[in-house]
Amino acid sequence: MFSKKLSRVAIAGIGVALMGVAACGGSDSGSSTSSSSSATGGDTSSESSAATSSSASSSASTGTGGEGGTIAIITVDPSNPYWKAEVDTAVAKATELGYTTTTSAHKNDPDEQQRLMETAINAKVSGILLDPAGAEESIAIVQRATDAGIPVALVNAEINETGIAVAQIVSNNAQGATIGAEAWSEAMNYTGTYVELFGNPSDNNAQVRSDGYEAVISQYPDLQKVGEEIANWDRQEGQEKMEALLSAHPDITGVIAGNDEMALGAINAIKAANKIDQIKVLGFDGNQDAVNAVKAGEMVATVVQPIVEGTNLAVEQLDSFIRTGSTGASEEKQAIDCVLITTENADTVNNFVISS
Amino acid sequence: MTETTTKPASGTGNPPGGSANGNGRSSRFNLNSVLVEGRALIALIVIVAFFAIMSENYLTGGNLTSIIKQVAFNAIIALGMLLVILNGGIDLSVGSTVGLTGAVAGNLFRGLHVPFTDAILFPQVWVIVIVSVLVGMLVGYVNGLLIARLNLAPFIVTLGMLYVARGLTQVFLNGQNITAELRGQEELGNTGFFGVFASSPLGIPISAWVMVVLAVIFSILLTRTPFGRWLYATGSNTRAAQLSGVPVKKVETRIYVLSGMCAALVGILQIANISSSTADLGQFYELNAIAAVVIGGAALSGGRGTVRGTIIGALVIGFLANGLVIIGVSPFWQQVVTGAVIILAVAVDSIQQIAQRRRNARRAVANLRQSTRSTPPPAAA
């Protein structure tokens, strides 16, 4: 009886172990697809705070004794291709500049961000690269790191305060939304009815993009919005909401989505309804699936945020500040413009990098 | 028609909320059962009628198809959840299992790297599907073993598994969606995934067919097999069931395996539906499934609930969610309404049970008075 129980538990243990082994294989094969991720394959995926604190504490020893010290990279959510590119770029650049790195993710939760930042501060890292969770919410914790003598560079999103972080390098979401909406309006022939898929309402960028779209589209009175749904940046939710919107408004000719994942979900729904020739879809982010959809003519346009370029810049300026006390840039807030992707240049985009 | 909540194994377990002295199918209990299930059905009819009046686009063929598809995803998971809840447990890991299964399937499409060689294996579609479903069942088996054999609380074990499975999903996908590979390649012989798992035989989405088949199987399992009787018995009173010879541990382990299997099926169907394997797939599915089971009249304390009620519960959620979008309710208010409907459904259930218990008590008192008045010892009420 007891041995039988033990054997069952052993089977369970083997099961878990098997899943673990298989998982390692999975991350190996994944990292081979992009050159920059090979150095970080294992690191970035273990983004729970527990993994972070252990790696951060282990890095504390290397931070004091090592050559370049440690840079703590705190991002949003590496399970999304966009932030994966951000993390991979940051790790590769920091490693190239002679630093060791720790990576962690706060999933746009200011509480979690606070914990991760405190961990990094306690570990006395040389510098922090942060993709902040909220423009207001992040000010205090960035201030605390700066007070502790640890320089913080912000990437992708900004805070509503200058003079605290050493650099704030953001992609210009408002500009990106504007150029996307321009291209889409043109494809719509400046007339017709459309619906909007909105991102996670607690994420600042959802509103910024929506406002950017609105600013352009409101110039054309014949373009009329007949519905709006929240799909939380998610593909499956985008598809589900789009199916219902198509039922409610069978005659729409356009869809604007706050990001590519929702747009791709919408395209699935539109294709199922055999209306892909009739409906023009706009995405945002420029992830590879979306770029492929643009190539296939299913998406009118998407907008690439130059996240790789921005991240490289942020790490370089952080490095410069750590070594010389100055970032070398004239402004703290630096906006990098987004790039419009249509059928004309879709071939030049590969994993958020645009080759000219 | 009423499924056998009144048939405890060897007469030891008293179904909570049921008539305590009902040792057969008394007509009164039938009536109550109809009311409990009818409540969800009435809600469904009211919801459908309301939205049909509000919008002419609600009851169209295309919209019904998309509602049924969404309902089926939820209902399949809810059927697994029903078994677990009948047992008095809970399975919070199903949403993550959906994601994990999708990630495993996606990776198998991408090819399996054979260790120590340069060879890459590309399994055929049916192999991929079977392996993925087995992974889901393995997750359930681990849950079941920990819960049944080590006596751990289901809430904690499956909560832990929620994180483990979601983490593994992210490890497998490594920050990249798997999309193009799902189509397969002709020369590798692994094409045809969408042809089956995103198809609509007779115009009805494949997920709905899977739901119907599972509902029939689970219904038979619960009402016509010893396993079903054991399950209701353990859910009503574990100790009594154990004493009367029900293999309690075995039953408990198996239901989590079945729950994992249901989640795995949804994982496969859902990646075919959205034509991509993504890291966030299946988030919060567990909560929708629990809501469907509870709206369908099941008790979270175990021992009470039916397949039919669960399907109706899933239909209520699906028709409501779609209708709110169709008539253009603000997305913020949609959540408020959905939550209120769930609470309302459970509240009505509880009120009915309280009333039923009062009726039973009154009847018992009346019986008692009657029996004390009559001189011979009472044989039966």
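About the cut-offs
Residues numbered from 1 in each chain as written. Chains lettered and ligands numbered in written order. Predicted model: local features only at pLDDT ≥ 70, side-chain atom pairs only at ≥ 80, totals over all residues. Heavy atoms only, no water. UniProt positions renumbered as here; feature names shortened; annotations may be inferred. Helix = DSSP H or I, 4+ residues; strand = E, 2+ residues; numbered from the N terminus. Expected span 1.5 Å × (residues − 1). Polar contact = N/O pair within 3.5 Å; in protein donor to acceptor, adjacent residues only side chain to side chain. Buried < 20%, exposed > 50% of the residue type's maximum accessible area, 1.4 Å probe, protein only. Contact = heavy atoms within 4.5 Å. pLDDT = per-residue confidence, 0-100.

Trainee: If you had to explain the UniProt feature "domain: Periplasmic binding protein" (unreviewed entry) in chain A to someone new, which residues and values would you point to?
Mentor: Those residues carrying the UniProt feature "domain: Periplasmic binding protein" (unreviewed entry) are residues 71-320 of chain A in this numbering. For residues 71-320 of chain A, the end-to-end C-alpha separation is 13 Å, with 46% helix and 20% strand making up the annotated structure.

Trainee: Account for helix H4 (residues 81-96) of chain A, with residues named and values stated.
Mentor: All names here are of chain A. For H4, which comprises 16 residues, the first-to-last C-alpha distance of 22 Å matches the rise-based estimate of 22 Å (1.5 Å per residue) to within 8%. Its side-chain oxygen at 2.8 Å from the backbone nitrogen of tyrosine 82, asparagine 80 defines the N-terminal cap of H4. Where H4 terminates, the next one or two residues include glycine 98, which has phi positive at roughly 95°.

Trainee: Can you tell me about the side chain of Thr179(B), naming the residues and giving the values?
Mentor: Within the element layout of this structure, Thr179(B) appears in the loop between helix H5 (154-173) and helix H6 (193-197). Using a relative accessible area of 14% as the deciding quantity, one classes Thr179(B) as buried. Within polar-contact distance, the side chain of Thr179(B) engages the side chain of Asp289(A) at 2.5 Å.

Trainee: I'd like a description of the environment of Lys69(B), backed by residues and values.
Mentor: Inspection of the secondary structure assignment puts Lys69(B) in helix H2 (residues 61-86). Note: C-alpha distance between Lys69(B) and Ile204(B) (135 residues apart in sequence) is 8.3 Å. With residues up to four places along the chain from it excluded, the contact list for Lys69(B) reads Gln239(A), Glu243(A), Pro205(B), Ser207(B) and Asn273(B).

Trainee: Please set out the confidence of the model for chain B residue by residue, giving values where relevant.
Mentor: Residue and element names in this part refer to chain B. Per-residue pLDDT for chain B averages 83, and the proportion of residues at 70 or more is 88%. Put simply, helix H1 (residues 27-54) is where chain B has its lowest mean pLDDT, 75, and helix H7 (residues 206-224) is where it has its highest, 94. Of the regions scoring below 50 in pLDDT, residues 1-27 engages in 46 contacts with residues more than four places distant in sequence or in other chains.

Trainee: I'd like a description of helix H12 (residues 307-326) of chain B, backed by residues and values.
Mentor: One turn of the α-helix equals 3.6 residues, which is why residues spaced by three or four share an orientation. All names here are of chain B. An ideal rise of 1.5 Å per residue puts 28 Å on 20 residues; H12 measures up with 29 Å between its terminal C-alpha atoms. One side-chain oxygen of the residue at the start of H12 lies 3.0 Å from the amide nitrogen of glycine 309, identifying that residue as threonine 306. Following H12 by one or two positions, glycine 328 adopts a phi angle in the positive range, close to 80°.

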